[in-house]
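Single-letter residue listing:
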Amino acid sequence: MSALFNSLSITGSGMGVYKTWIDATADNVANVNTVTSTDEPAFQQRFVLASANENGAGSIGNGARVAGVQFGDAEGRLVYDPAHPLADENGMVRHPDMVLSDQMTNLIIAQRAYQANVTVFERARDAYLRGLEIGR
Amino acid sequence: MIPPISAATVSSPISLPSAVTATPGADPASQERGVDFGKAVTNALENLQSSQSATDALSEKAATGDLKAIEDYMVMATETQLATQLTVAVRNKAVESFNDIMRMQI
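Reading the values: the criteria
Within each chain, residues carry numbers counting from 1 in the order of the written sequence. Numbering of ligands from 1 and lettering of chains from A proceed in the order in which they are written. Totals for whole chains, interfaces and linings use every residue, but because this is a predicted model, local features are given only for residues with pLDDT of at least 70 and side-chain atom pairs only at 80 or more, for both listing and counting. The side-chain numbers reported here are obtained from all heavy atoms of the structure, hydrogens and water having been left aside. Buried Ala, Val, Leu, Ile, Met, Phe, Trp, Tyr and Cys residues that are joined via side-chain atoms within 4.5 Å together make up what is termed a nonpolar core. Burial here depends on accessible area, computed with a 1.4 Å probe over protein chains only, as a share of the maximum for the residue type. Under 20% is buried, over 50% is exposed, and the range in between is partly exposed. The helix and strand labels rest on DSSP assignments: H or I over at least four residues marks a helix, E over at least two residues marks a strand, and numbering proceeds from the N terminus. Here an angle of 0 to 180 degrees is reported between the N-to-C directions of two axes, which are lines fitted to C-alpha atoms, with helices fitted over the stretch in contact. When describing relative orientation, an angle under 35 degrees is termed roughly parallel and one over 145 degrees roughly antiparallel, while 65 to 115 degrees is termed roughly perpendicular and anything else oblique. A contact between two residues is defined here by any heavy atoms of the two lying within 4.5 Å. Amino acids are sorted into nonpolar (Ala, Val, Leu, Ile, Met, Phe, Trp, Tyr, Cys and Pro), charged (Asp, Glu, Lys and Arg) and polar (every other residue, Gly among them). Cavity means a closed set of points on a 1 Å grid over the protein atoms alone, one where a 1.4 Å probe fits but cannot get out, pocket means an open set with protein on both sides within 12 Å along at least 5 of 7 lines, and lining means a residue has an atom within 4 Å of a point. Grid points are joined across faces, edges and corners, and a volume is the space filled by probe spheres set on the points. In the sections that follow, a salt bridge refers to a side-chain nitrogen of Lys or Arg positioned within 4 Å of a carboxyl oxygen of Asp or Glu.

Visitor: Any chance you could break down the nonpolar core for me, citing the residues and the numbers?
Guide: Counting 11 residues, the largest nonpolar core consists of Phe-5, Leu-8, Met-15, Tyr-114, Phe-121, Ala-124 and Leu-132 of chain A together with Leu-48, Val-75, Leu-82 and Ala-83 of chain B. Broken down by secondary-structure element, the contributors of at least two residues to this core are helix 1 (6–30) and helix 2 (100–132) of chain A together with helix 3 (70–102) of chain B. Residue contributions to this core peak at 4 residues, all from helix 2 of chain A.

Below is the structure:
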């Protein structure tokens, strides 16, 4: 079914996806220094899986949605840090296998994409409002 | 089909009842235009009402902190705003045409 103001809910779905990506990045950044002992899994990086809301062939879709969240490598990076209270007998601890600069880049991409959706939303609303002024 | 993110999508507030779009001669009793326009306006107001109560529910959630996504509220509020303006515009046009007809010299 094609709703009357479809572009508004479509951009809303896009904002939802990028909000989830920002949330996932926040979780990753918060745990970028979470160290675990070698007999436990490392913090696993969060990946958001986006998916298109298809409406079948020949028609515009309904935007995007979060299809799920996947976890990264649980192996992590083994770091030699014998002074760490969680270090094993060889002096090794597990760091999460992710890089802070990657996370910051993802954050900027997600933020800009969210802003792009907001811009489309505002433009669509302005267009509809202009349409309502026809013949006034 | 995957349901859209917003709590409810605004369907067209101005939907004519089936009698208006029915093929001519199908049922003479339902062909009265005056009744049909009244039905159309009632339908429009009912759709508008449901859209506004969806926005009310979301704004209540925003106030209580239960709102999961701010864009849900913004989308719903904007859709309701536009639907309200559209309904008012159609109503104004209808009243205008009625007045034009009433002022007609016979």
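Visitor: Tell me what's going on with the packing of helix 2 of chain A against helix 3 of chain B, and back it up with residues and numbers.
Guide: It is at 10 Å that the axes of helix 2 of chain A and helix 3 of chain B come closest, and there the two elements cross at 10°. By the angle between their axes, helix 2 of chain A is roughly parallel relative to helix 3 of chain B. Where helix 2 of chain A abuts helix 3 of chain B, its residues Tyr-114, Phe-121, Arg-125, Tyr-128, Leu-129 and Leu-132 of chain A lie against Ile-70, Glu-71, Met-74, Val-75, Thr-78, Leu-82, Gln-85 and Leu-86 of chain B. Residue composition of the contact of helix 2 of chain A with helix 3 of chain B, grouped by class: 10 nonpolar, 2 polar and 2 charged.

Visitor: Summarise the layout of surface pockets; cite the residues concerned and give the values.
Guide: Considered as a void within the structure, the largest pocket measures approximately 150 Å³ in volume. Lining the largest pocket are Gly-131, Leu-132, Ile-134, Gly-135 and Arg-136 of chain A together with Ala-89, Asn-92, Lys-93 and Glu-96 of chain B. Every element with two or more residues in the lining of the largest pocket is listed here: helix 2 of chain A together with helix 3 of chain B. Here the lining of the largest pocket gets 4 residues from one element, more than from any other, and that element is helix 3 of chain B. Among the residues making up the lining of the largest pocket, the classes are represented as 3 nonpolar, 3 polar and 3 charged.

Visitor: Before we move on, could you go through the pattern of salt bridges and cite the residues and values that matter?
Guide: Counted according to the given criterion, the structure contains 7 salt bridges over all chains. Arg-94 of chain A serves as the salt-bridge partner of Glu-75 of chain A, at 3.5 Å between the closest nitrogen and oxygen. With Glu-75 of chain A in the loop between strand 2 (64–71) and strand 3 (77–80) and Arg-94 of chain A in strand 4 (residues 92–95), this pair connects stretches of sequence that are 19 residues apart. Across the pair Asp-100 of chain B and Arg-103 of chain B runs a salt bridge, and its minimum N-O distance is 3.1 Å. Given the relative accessible area of 43%, Asp-100 of chain B is considered partly exposed. The exposed category is assigned to Arg-103 of chain B, whose relative accessible area is 58%.

Without other data, these values stay purely geometric and don't point to any function.
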